[in-house]
Amino acid sequence: MSTILQLAPQNVWKHFYSLTQIPRPSGHVEQVTEFLVNFGKGLGLESFVDEAGNVIIRKPATPGMENRKGVILQAHMDMVPQKNNDTVHDFTKDPIETYIDGDWVKAKGTTLGADNGLGVAVAMAVLEAADVKHGPLEVLITKDEETGMYGAFGLKPDVLKGDILLNLDSEEEGELYIGCAGGIDITATLAYKEEAPAEGLVARKLTLKGLRGGHSGLEINEGRGNANKLLARVTHDLLMEFDCQLASFEGGNMRNAIPREAHAVLVFNPDDMEGLDAYIREYEVQLNEEYAPIESNISLKMEETDTPAMVVPEEIQDNMINVLMACQDGVMRMIPTVPDTVETSSNLAIVLIGGGKAEIRILARSSCDTMKDFLADSLTSCFSMAGMKVELSGGYSGWQPNVHSPILLAMKESYKEQFGVEPAVKVIHAGLECGIIGATYKNLDMISFGPTLRSPHSPDERAYIPSVAKFYDFVVATLAKTPVKE
């Protein structure tokens, strides 16, 4: 039995523990959906799944609170399935193994799922509690947020009844988010005819790993290494120095996670390999020097592998590596009026080259819709020059902040009363479901907040234990002070 069950508040941690035992990677949420519906029905509450696969649970107002504005507690049920290369774990079958390290809860070699499992757990604790005062209450647990916010996009305009939406999916306790970036997926593809390598060539597999990875919005400003970008750079230089040829390239697996690992297979003429091993060792040292102290364990290794039957033609190979070198990755611009916050960025998320097909996927973000469009057009131009077909999909606008929001003013006052300090009010450079839900329910008053998490979307994900109690207490206090419905 996990020691996290002994943590306070136990009514939150017990529900989070239950969620760690249910496989719920994006795209595989059937079990957790059934679990959540049964949980609500077990409390005697109206509980159902809407057309988009979201779970909705409704709880009547507590006595004396019937005249308050209706509140929607919102979180998402899925988690990002990331694991270390040496970790054996099937996210569709295996539970998450948690452990306590000082003031932090972590997982053994995988993502923890605190994003957004702790938000779901807090909502469950409120639904179950008999001593929490609140007006008419709805809990909305959305489907597949991490892979495209599909649940939020599919939400119909007649499902929700509340006036205020509290999104429980932010990752720094003491901060209230009142706006977020919009985003768009860029997918570039190319079909090509493979060719057989020349006789007598040998193959080597080049692997780059050990990067921190992380969330492509929240941590894009930290200058962390992108495995796809770095391996493209190494491959480019190897093609120039050793006259080798590319057989395949693969890196990244989530559009909103900074890729931590990538590998390529190259074929060489044995006569041209003198100094290759030393070259790779020196490159590894160079990368670690360049990225210190942001990255501390970049690994670049080359190993023997079977010679592939087919390779990428030289012209296609050069175009693909050149486009990976040239395309925008990372921060493009900060918000001019808020210079410590990223406005526009892109993440070179997934690269697949081999078997006669090339595919590159990028997630572009911006809190300014015109800059988002400009970035998408720039990337489209870049890939088009390499002869690739470009498709834009999943576009959504940002959530425009309202500094005069009634619930914001109430929450700021409540937080100071509870904890003696003013909460920080911010705009986040990430896609929150508030932007999508707010486009359908235009009159919702929305705030996003949560406990303190670090390195979501990576196996280094961890939750700061003291922040969870504060988060829950603040949710409870906010519900008790919900404004009266006019």
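Residues numbered from 1 in each chain as written. Predicted model: local features only at pLDDT ≥ 70, side-chain atom pairs only at ≥ 80, totals over all residues. Heavy atoms only, no water.

Q: Before we go on, may I ask you to explain the overall build of the chain in this structure?
A: Each helix and strand counted, the chain has 11 helices and 21 strands in total. The dimensions of the chain, computed from C-alpha atoms along their principal axes, are 85 × 50 × 40 Å. Looking at the chain residue by residue over its 486 residues, the buried ones come to 57%. Taking the intrachain contacts of the chain between residues at least 6 apart in sequence as the baseline, contacts between residues at least 24 apart amount to 79%. With the model as given, the accessible surface of the chain reaches about 19,900 Å², and the carbon-plus-sulfur share is 49%. Of note, the chain has its 42 positive side-chain charges centred 7 Å away from the centre of its 70 negative side-chain charges. (Helix = DSSP H or I, 4+ residues; strand = E, 2+ residues; numbered from the N terminus. Buried < 20%, exposed > 50% of the residue type's maximum accessible area, 1.4 Å probe, protein only. Contact = heavy atoms within 4.5 Å. Areas by Shrake-Rupley, 256 points an atom, 1.4 Å probe, with all protein chains shown as cover. Lys, Arg positive; Asp, Glu negative; His and termini not counted. Charge placed at Lys NZ, Arg CZ, Asp CG, Glu CD.)

Q: It is not clear to me how helix α11 (residues 465–480) should be interpreted in this structure. Could you clarify?
A: The α-helix winds at 3.6 residues per turn, so residues separated by three or four positions along the chain end up facing the same way. Compared with an ideal rise of 1.5 Å per residue, which puts 16 residues at 22 Å, α11 spans 24 Å between its outermost C-alpha atoms and is within 8% of the ideal. Residues Ile465, Ser467, Val468, Phe471, Tyr472, Phe474, Val475, Ala477, Thr478 and Leu479 constitute the buried set of α11. (Expected span 1.5 Å × (residues − 1).)

Q: Mind showing me how you'd approach the pattern of salt bridges here?
A: Side-chain pairing between opposite charges can occur once the charged atoms of the two side chains come close. The final tally for this structure, using the stated rule, is 20 salt bridges. As a salt-bridge pair, Lys485 and Asp163 come within 2.8 Å of each other at their nearest N and O atoms. Placement of Lys485 in the segment after α11 and of Asp163 in the loop between α4 (150–153) and β7 (164–167) is noted, with a sequence separation of 322 residues between them. Using a relative accessible area of 45% as the deciding quantity, one classes Lys485 as partly exposed. Notably, a salt bridge pairs Arg204 with Glu304, separated by 4.0 Å at the nearest N-O pair. One end of the pair, Arg204, is in strand β10 (residues 202–209); the other, Glu304, is in strand β13 (residues 299–305), with 100 residues separating them in the sequence. (Salt bridge = Lys/Arg side-chain N within 4 Å of Asp/Glu carboxyl O.)

Q: Hey, could you run me through the state of the cysteines in this one?
A: As used here, a disulfide is simply a covalent bond connecting the sulfur atoms of two cysteines. Taken as a whole and judged by the stated rule, the model has zero disulfides. Here Cys368 stays unpaired: no disulfide links it, and the sulfur of Cys180, its closest cysteine neighbor, is 14 Å away. Since its relative accessible area comes to 22%, Cys368 is described here as partly exposed. (Disulfide = S-S within 2.5 Å.)

Q: Just checking my understanding: could you explain unusual backbone geometry for this structure?
A: Leaving glycine aside, a negative phi is the common case for residues, and trans is the common case for peptide bonds. For the peptide bond that leads from Ala8 to Pro9, omega is -5°, which places it in the cis range. Note on placement: Pro9 falls in the segment before α1 (10–20). One non-glycine residue, Asp144, lies in positive phi territory at about 50°. Even without being a glycine, Asp243 presents a positive backbone phi close to 50°. Inspection of the secondary structure assignment puts Asp243 in the loop between α5 (227–242) and β11 (245–251).

Q: Before we go on, may I ask you to explain the environment of Glu422 in this structure?
A: By secondary structure assignment, the location of Glu422 is in the loop between α9 (406–419) and β18 (424–428). Since its relative accessible area comes to 48%, Glu422 is described here as partly exposed. Expressed as a C-alpha distance, the spacing of Glu422 and Val323, which sit 99 residues apart in the sequence, is 47 Å. Those residues in contact with Glu422 that lie beyond four places of it in its chain are Lys412, Tyr415 and Lys416.

Q: Looking at this model, I keep getting lost on helix α8 (residues 369–385). Mind explaining?
A: Its 17 residues place the ends of α8 25 Å apart at the C-alpha level, agreeing with the 24 Å of an ideal helix rising 1.5 Å per residue. Within the sequence span of α8, burial applies to Met371, Lys372, Leu375, Ala376, Leu379, Cys382 and Phe383. The buried side chains of α8 occupy one side of the element, clustering within an arc of 140° when seen end-on. Turned more than 90 degrees off the buried face of α8, the exposed positions are Thr370 and Met385. Phi turns positive one or two residues past the end of α8, at Gly387, with a value near 80°. (Arc of directions from axis to C-beta.)

Q: What is the right way to look at the packing of aromatic side chains in this model?
A: Going through the model one piece at a time under the given rule, you end up with nine aromatic pairs. Both rings, one in Tyr415 and one in Phe474, keep their centres 5.1 Å apart while their planes meet at 85°; by these two values the pair is edge-to-face. Of the two residues, Tyr415 is situated in helix α9 and Phe474 in helix α11; the sequence distance between them amounts to 59 residues. Among the residues examined, Tyr415 registers a relative accessible area of 3% and is labelled buried. Centroid distance Phe449 to Phe474: 5.5 Å. Interplanar angle 70°. Geometry classified as edge-to-face. (Phe/Tyr/Trp six-rings, centres within 6.5 Å; stacked < 30°, edge-to-face > 60°.)

Q: Sorry, what's going on with the pairing of strand β1 (residues 46–49) here?
A: A regular strand places its side chains so that they alternate between the two faces of the sheet. Where β1 and strand β2 (residues 55–59) come together, four bridges link them in antiparallel fashion. Of the residues in β2, the one forming a bridge with Phe48 is Ile56. In textbook terms, the turn of a hairpin is the stretch between consecutive antiparallel strands, and for β1 and β2 this stretch comprises five residues, one of which, Gly53, has a positive phi near 95°. (Pairing = 2+ DSSP bridges.)

Q: What's the story with the side chain of Asp185 in this structure? I'm lost.
A: Within the secondary structure, Asp185 sits in strand β9 (residues 182–191). For Asp185, a relative accessible area of 9% puts it in the buried group. Excluding its chain neighbours within four sequence positions, the residues that come into contact with Asp185 are Arg255, Ile362, Leu363, Glu391, Leu392, Ser393 and Gly394.

Q: Looking at this structure, how should I read the sheet that holds strand β4 (residues 98–101)?
A: Two modes of strand pairing occur in sheets, parallel and antiparallel, and in both the strands are linked by backbone hydrogen bonds. Taken in spatial order, the four strands of this open sheet run β4-β5-β21-β20, and their pairing is antiparallel. The sheet is open, and its two edges are formed by β4 and β20 (453–454), each paired on a single side.

Q: Looking at this structure, I do not really get the pairing of β10. What am I missing?
A: Pairing of β10 with strand β12 (residues 262–268) involves seven bridges; the strand directions are antiparallel. The residue bridging Arg204 from the neighbouring strand is Leu266, located in β12. Two strands pair when backbone bridges link them, and β10 and β13 are joined in this way by seven bridges, in the antiparallel orientation. Bridge pairing in β13 places Leu206 opposite Met302.

Q: I'm lost on the packing of α1 against helix α3 (residues 114–128) in this one. Help?
A: Packed helices, taken two at a time, are described by their axes: the angle between them and the distance between them. The interhelical angle for the contact between α1 and α3, taken along N-to-C directions, is 125°, at an axis separation of 8 Å. The orientation of α1 with respect to α3, classified from their angle, is oblique. Along this stretch, α1 crosses α3, giving a crossing that reads as right-handed. For the pair α1 and α3, contact is made by Asn11, Val12, Trp13, Lys14, His15, Phe16 and Leu19 and by Ala114, Gly117, Leu118, Val120, Ala121, Val122, Met124, Ala125 and Glu128, respectively. Class assignment of the residues belonging to the contact of α1 with α3 gives a composition of 11 nonpolar, three polar and two charged. (Axes fitted to C-alpha atoms, helices over the stretch in contact; angles between N-to-C directions. Parallel < 35°, antiparallel > 145°, perpendicular 65-115°, else oblique. Left-handed = near helix turned anticlockwise from the far one by under 90°. Nonpolar A, V, L, I, M, F, W, Y, C, P; charged D, E, K, R; others polar.)

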